[in-house]
Amino acid sequence: MSQEHHLRDLALSETGFVFDPYTGATFTTNATGRCVLEALREGLDRPAIAERLRSRFDLSANPGDLDNDISEFVQLLRQHGVVPDSFSV
């Protein structure tokens, strides 16, 4: 199964509840995490994900941290088996 297919099949609620039908795992994420997950499901690349986050959230407090934050979120997805270890964005 492709990583894009797995991401598309995640059940993602408006409140940030996520269900992985392949593993049975569930977790919750905040609005920014949900935004990143939605962007990944659409196949967006890192610059497009960052732009989407900038357009939806006030990131003026720490604009330089955005790339690192995306990397850390993707690492969490790897740790929880949502994406394979080889996944990168």
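Residues numbered from 1 in each chain as written. Predicted model: local features only at pLDDT ≥ 70, side-chain atom pairs only at ≥ 80, totals over all residues. Heavy atoms only, no water.

Asker: Account for the overall build of the protein, with residues named and values stated.
Answerer: Per the secondary structure count, the protein includes four helices and three strands. For the protein, the spread of C-alpha atoms along the principal axes amounts to about 35 × 30 × 20 Å. Burial analysis of the protein (89 residues in total) assigns 31% to the buried set. Relative to all contacts within the protein whose residues are 6 or more apart in sequence, the contacts with residues 24 or more apart total 37%. Across the protein, the 8 positively charged side chains and the 14 negatively charged ones have centroids separated by 3 Å. (Helix = DSSP H or I, 4+ residues; strand = E, 2+ residues; numbered from the N terminus. Buried < 20%, exposed > 50% of the residue type's maximum accessible area, 1.4 Å probe, protein only. Contact = heavy atoms within 4.5 Å. Lys, Arg positive; Asp, Glu negative; His and termini not counted. Charge placed at Lys NZ, Arg CZ, Asp CG, Glu CD.)

Asker: For the packing of helix α2 (residues 31-41) against helix α3 (residues 46-56), give the residues involved together with the corresponding values.
Answerer: Closest axis-to-axis distance for the α2/α3 pair is 10 Å, and the angle between their directions is 140°. With respect to α3, the axis of α2 lies oblique. Crossing hand, α2 versus α3: right-handed. Seen from α2, the contacting residues are Thr 32, Cys 35, Val 36, Glu 38, Ala 39 and Leu 40; seen from α3, they are Ile 49, Arg 52, Leu 53 and Arg 56. (Axes fitted to C-alpha atoms, helices over the stretch in contact; angles between N-to-C directions. Parallel < 35°, antiparallel > 145°, perpendicular 65-115°, else oblique. Left-handed = near helix turned anticlockwise from the far one by under 90°.)

Asker: Outline the pattern of salt bridges, supporting the account with residue identities and numerical values.
Answerer: Counted under the stated rule, the structure contains six salt bridges. Among the ionic pairs, Glu 14 bridges to Arg 34, the shortest N-O distance being 3.7 Å. Residue Glu 14 is found in the loop between β1 (11-12) and β2 (17-19), and its partner Arg 34 is found in helix α2; the two are separated by 20 residues along the sequence. Classification of Glu 14 as exposed rests on a relative accessible area of 63%. (Salt bridge = Lys/Arg side-chain N within 4 Å of Asp/Glu carboxyl O.)

Asker: Explain the layout of surface pockets residue by residue, including any values.
Answerer: Here the largest pocket is characterised by a volume of approximately 260 Å³. Thr 32, Leu 53, Leu 66, Asp 69 and Ile 70 are the residues nearest the centre of the largest pocket, which is lined by 13 residues in total. Residue assignment for the lining of the largest pocket shows that the elements contributing at least two residues are α2 and α4 (66-79). In terms of residue count, α4 provides more of the lining of the largest pocket than any other element does, four residues in total. Across the lining of the largest pocket, the residue classes tally to six nonpolar, five polar and two charged. (1 Å grid on protein atoms, 1.4 Å probe; cavity = no way out; pocket = protein on both sides within 12 Å on 5 of 7 lines; lining within 4 Å. Points joined across faces, edges and corners; volume = space filled by probe spheres on them. Nonpolar A, V, L, I, M, F, W, Y, C, P; charged D, E, K, R; others polar.)

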